[in-house]
Amino acid sequence: MKKLPLYALALTGSILPLTANAQAECGDVSIGEMNWTSGGIAAGVIEFFLEQGYGCNVTVVPSATTTAITSLAENNEPDIVPELWVNSAPAYFRLEEEGKLVKASDTFSDGGTEHWLIPAYLAEEHPELTSIEGVLENPELVGGRFHNCPDGWGCRIVNDSLIEAFELEENGIEVFNHGSGETMPSAMASAYENEEPYFGYYWGPTAPLGQYDMVEVDLGPYDEEVHACNQDEECDSVGVSGFPAADVYNVTTADFADRAPEAFALVENVSFSNEQMSALLAWHSENEASVEEAVVHFLQNNQEQWMNWLSEEAQANLEGLF
């Protein structure tokens, strides 16, 4: 797909500059753009609305989880950080308690999710496989293999604990530890496209979960204490627990919330369903699109949703553009 300048393929010069007064009211705003696709999309959507709906002068700065939380702690910037996975940024809670940061909204309505999965066609043919007990009793039906995370990933530690707790290998299921993140979706895709057995870990929202109809294997209820042990390589009391939903926030500084309340109110409304973001990521992957094109694709196809995120004035500024 041909790459075009930011939003040009949808807007074709149709946006007019807002008045100097409108720009002055909002002022300068900085947004931290996470270095993965969904983070880029969330940042791009907020950037578009703030510039074209609210007249802000927006600067987008490349970021990542650790980079963002360090900058917020030391410099009180950027003003907005979309898609902050706070389970990987524990300093967030201290900064929130100190009154420096504000959770504006949940980036994903269901939180970040983790799963052990099988394809839907396998679940339809063998519904007993939708529970871990059914998998353990019928290892040959899932191909006798579990697809695990690469070494060094947080999910590898938890999965290894669960593999031990469920005695996967003792029940005839080989554990295949992937060497990289790239081979995990490739294995899923290959199995799915050939309607072969597949059993493995994946997380969402992600492109593969938008592309392939996968069904979660029920590992049992979430147990906070057990899961905490499963996350700790030094803990010897691993046990059975489902995965909790991860908290993923659109975060702003308290200063931004105070000085630009209308713009902050927008960020309070920006939230995507997990299914919606997975589908958007799948579209991005299948079309070899840029992040900017994915932002435009979202804007073009979800106007009724995002119009409700905006103030009346911002709605008027964007009316008829799509």
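Residues numbered from 1 in each chain as written. Predicted model: local features only at pLDDT ≥ 70, side-chain atom pairs only at ≥ 80, totals over all residues. Heavy atoms only, no water.

Q: Would you take a moment to explain the state of the cysteines for this structure?
A: By definition, a disulfide links two cysteine residues through a covalent bond between their sulfur atoms. Within this structure, the stated rule accounts for 3 disulfides. Across the disulfide from Cys-229 sits Cys-235; the S-S distance is 1.9 Å. Where Cys-229 bonds to Cys-235 through sulfur, the torsion about that S-S bond is close to -95°, and the disulfide is left-handed. A relative accessible area of 8% means that Cys-229 is categorised as buried. Given the relative accessible area of 23%, Cys-235 is considered partly exposed. Sequence-ordered numbering of the bonded cysteines in the protein yields a pairing of 1-2, 3-4, 5-6. (Disulfide = S-S within 2.5 Å. Buried < 20%, exposed > 50% of the residue type's maximum accessible area, 1.4 Å probe, protein only.)

Q: I tried to follow the pairing of strand 10 (residues 248-253) on my own but got confused; where do I start?
A: Two faces make up the sheet, and in a regular strand the side chains alternate between them. Most of strand 10 is tucked away, with 6 of its 6 residues classed as buried. Where burial is concerned, the two faces of strand 10 agree: the one with Val-248, Asn-250 and Thr-252 and the one with Tyr-249, Val-251 and Thr-253 are both buried. Where strand 3 (residues 80-85) meets strand 10, 4 bridges bridge the pair, whose relative direction is antiparallel. Looking at strand 10, one finds that Ile-80 is bridged to Thr-252. As judged from the 5 bridges shared by strand 4 (residues 101-106) and strand 10, these two strands associate in the antiparallel manner. Bridged to Lys-103 within strand 10 is Val-251. (Helix = DSSP H or I, 4+ residues; strand = E, 2+ residues; numbered from the N terminus. Pairing = 2+ DSSP bridges.)

Bear in mind that shape data such as this cannot, by itself, settle questions of function.
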